[in-house]
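Now for the letters of each chain:
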Amino acid sequence: MIEIDAQGVVEFTQELVRVPSTNDPARGRSEQPAADLVAAKMRSWGWDVVVEEAAPGRPNVVAVVEGGGGEGPTLMFEGHTDVVTEGDLSEWTVDPFGGEIRDGRLWGRGSADMKSGLAAVLYATRALQLAGPFPGRIKVCALADEEGLMIGAHHFVNSALSEGVDAAIVAEPEAGEICAVAKGALRLRVDFTGKMAHGAMPQHGRNPIQAVGALLVALRAYQEELQAAHPAHEHLGEVYVTPTVVQAGSQEQVNVIPAVAAVFVDVRTVPGVAHKEVADRVEELAAFDGIESRVAILVDRPPVEVPVTHPVVTALAAAHTAVTGDEPVYGGVPGSTDGTVLTHWGGIPSVVYGPGGKWIAHQADEFVEVEEIVRCTRVFAEAARRFLTGAGQ
């Protein structure tokens, strides 16, 4: 088994957690300090580091580590440097940016999602390098804005840095599950335009709220239709069509029929569901006599499905068994990750696996088991060795 620096990876996770790398310009926060920390660690090992801004103050950090063992494939390890806000501090029993270790757990915002995973891929790559040589190379990527519009991942796949990557392991928290499938996310905004009028004289107006009501009812029926046409996926579950925001009128003027209204819809899909067809159908359902409607696509992240027989998945599964002694457990990503962008837009087969609970992300008192950080680092190092040498195929 490849020897790793267990103490180092845990301490570096603590360092990362202590950086409040939320995208919050009003408080002077961004990924920049976390990216700087990652880049400094890479340079301390003698790695060549490329830093490219996906947006001002929001850098991607990429290092290419050559194996020195001749020609071979290119494996990408990916993590993101941003975290969501800590939220209401009264809900926390620990300092959200303290990186405290207590009861065998490392606590803090981003400890699971996903600074422990980011630290693990760095230290796994370093361990394999020291144990080398190995064929091919590893690209270690710390990308910006996974928690937002994934501009870091989109920038990466549209840059020369993505060229030649054969497969990617994304180190998101999945509680030991190997996730080669991820649910799709389609977010829509439906705008309705009617005509303003006095509530006492509705005949002089065109009420867009009536169109909102009709759409909400129709969306429920459409969800049932989609679920009947696309049975629940083994790892991803059902298709969901969920209205999440309704905007219309004013509490200060309840006697006024508004001129405009809007509905926001969050659609979660499984493989086989075509997002364009969904958007077109919602546009049809939004049609209402006398009311203009327009559908805008806010986010379009198709579902991802990589065969479990792909070499990157088999290498990861074999490494999991070699390190843990347990048979691999396959699962699915309930949301979307940078892997969605890498696979769909970049053509890079990806699999998601990393330290931390599957449902702990974005919650108060976020934590990751210290033992799990170390274990995943060992799995990553072994998975990379197997993928690059072909031993796991």
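Please read these numbers as outputs of a predicted model, since none were measured by experiment.

Caption draft 1: Highlighting helix H6 (residues 275–285). Burial in H6 covers these residues: His275, Val278, Ala279 and Val282. One face of H6 carries all of its buried residues, which in axial projection span an arc of 95°. Opposite the buried face of H6, by more than 90 degrees, sit the exposed residues Lys276, Glu277 and Glu284. Elements in contact with the buried residues of H6: strand S9 (184–193), helix H5 (208–229), strand S13 (260–269) and strand S14 (292–301).

Caption draft 2: Looking closely at the side chain of Ser111. With respect to the secondary-structure elements, Ser111 resides in helix H3 (residues 111–131). When residues no more than four places from it in sequence are discounted, the contact partners of Ser111 are Val17, Leu106, Ser116, Glu366, Phe367 and Val368.

Caption draft 3: Expanded view of the nonpolar core. Ranked by size, the top nonpolar core spans 86 residues in total, and within it Val38, Met42, Leu122, Phe156 and Phe380 carry the most contacts. Not counting chain neighbours up to four residues away, the residues in contact with Phe156 comprise Asn60, Val62, Met76, Cys141, Leu143, Leu161, Ser162, Leu342 and Ile348. Counting residues in each nonpolar core, the second largest holds 26 residues, with Leu186, Val241, Ala261 and Val273 among its members.

Caption draft 4: Structural detail: the UniProt feature "domain: Peptidase M20 dimerisation" (unreviewed entry) in the protein chain. Taken from the UniProt record, the annotation "domain: Peptidase M20 dimerisation" (unreviewed entry) applies to residues 183–287. A helix fraction of 31% and a strand fraction of 31% characterise residues 183–287, whose end C-alpha atoms lie 28 Å from each other.

Caption draft 5: Spatial organisation of the environment of Ala131. Positionally, Ala131 belongs in helix H3. For the pair Ala131 and Val62, spaced 69 residues apart in the sequence, the C-alpha separation amounts to 21 Å.

Caption draft 6: Region of the structure containing the sheet that holds strand S11 (residues 240–248). Overall, antiparallel pairing links the 4 strands, which are arranged S11-S13-S9-S14 in an open sheet. With partners counted over all chains shown, the strands left at the sheet margins are S11 and S14, one partner each. On average, each strand axis in the sheet is inclined to that of its neighbour by 15°, with strand direction left out of account. Across 10 bridges, S9 lies against S13 in antiparallel orientation. Along S13, the bridge assignment pairs Arg189 with Phe264. Across the sheet, H5 touches S9, S11 and S13, and the angle it forms with S11 is around 170°. On the sheet, H6 packs against S9, S13 and S14 and is oriented at approximately 20° with respect to S9.

Caption draft 7: Seen up close, H5. A rise of 1.5 Å per residue sets the reference length of H5, with its 22 residues, at 32 Å; its end C-alpha atoms lie 31 Å apart and thus fit the reference within 8%. For H5, every residue scored as buried is listed here: Pro208, Ala211, Val212, Leu215, Ala218, Leu219, Tyr222, Gln223 and Leu226. An end-on view of H5 places all buried positions within 165° of arc, on one side of the element. Projecting away from the buried face of H5 at angles above 90 degrees are the exposed residues Gln210, Val217, Arg220 and Ala228. Residues of H5 that are buried sit in contact with S9, S11, S13 and H6.

Caption draft 8: Spatial organisation of the packing of helix H1 (residues 6–17) against helix H2 (residues 32–44). Where H1 meets H2, the closest approach of the two axes is 9 Å, and the angle between their N-to-C directions is 155°. Regarding the angle of H1 to H2, the classification is roughly antiparallel. In this structure, H1 uses Phe12, Glu15 and Leu16 to contact H2, whose residues at the interface are Ala34, Leu37, Val38 and Lys41.

Caption draft 9: Examining the sheet that holds strand S4 (residues 101–102) more closely. Strand order in the open sheet made by the 3 strands is S4-S5-S18, with antiparallel pairing throughout. This sheet does not close on itself; its edge strands, each paired only once, are S4 and strand S18 (367–369). Across 3 bridges, the pairing between strand S5 (residues 105–107) and S18 is antiparallel. For Trp107, the partnering residue across the bridge sits in S18 and is Phe367. Of the strands in this sheet, S5 and S18 touch H3, which is tilted by about 45° from S18. Here helix H9 (residues 370–389) sits on the sheet and contacts S4, S5 and S18; the angle it forms with S18, its principal contact strand, is near 65°.

Caption draft 10: Main features of unusual backbone geometry. A cis geometry characterises the amide bond from Asp113 onward to Met114, with omega recorded as -10°. Mapped onto the elements, Met114 comes out in helix H3. A cis geometry characterises the amide bond from Gly132 onward to Pro133, with omega recorded as 5°. With respect to the element layout, Pro133 can be found in the loop between H3 and strand S6 (137–143). If you check the backbone angles, Met150 has positive phi at about 60° while not being a glycine. Along the polypeptide, Met150 turns up in the loop between S6 and helix H4 (151–157). The buried category is assigned to Met150, whose relative accessible area is 1%. Although it is not a glycine, His362 sits at a positive phi angle of roughly 75°.

Caption draft 11: Highlighting the environment of Phe288. The topology assignment puts Phe288 in the loop between H6 and S14. Note on Phe288: relative accessible area 29%, which makes it partly exposed. Taking the C-alpha atoms as reference points, Phe288 and Ala214, separated by 74 residues in sequence, lie 8.1 Å from one another. Here Phe288 is in contact with Gln210, Ala211 and Ala214, once residues within four sequence places are set aside.

Rules used in this analysis
- Residues numbered from 1 in each chain as written.
- Predicted model: local features only at pLDDT ≥ 70, side-chain atom pairs only at ≥ 80, totals over all residues.
- Heavy atoms only, no water.
- Buried < 20%, exposed > 50% of the residue type's maximum accessible area, 1.4 Å probe, protein only.
- Helix = DSSP H or I, 4+ residues; strand = E, 2+ residues; numbered from the N terminus.
- Arc of directions from axis to C-beta.
- Contact = heavy atoms within 4.5 Å.
- Core = buried A, V, L, I, M, F, W, Y, C linked by side-chain atoms within 4.5 Å.
- UniProt positions renumbered as here; feature names shortened; annotations may be inferred.
- Pairing = 2+ DSSP bridges.
- Axes fitted to C-alpha atoms, helices over the stretch in contact; angles between N-to-C directions.
- Expected span 1.5 Å × (residues − 1).
- Parallel < 35°, antiparallel > 145°, perpendicular 65-115°, else oblique.

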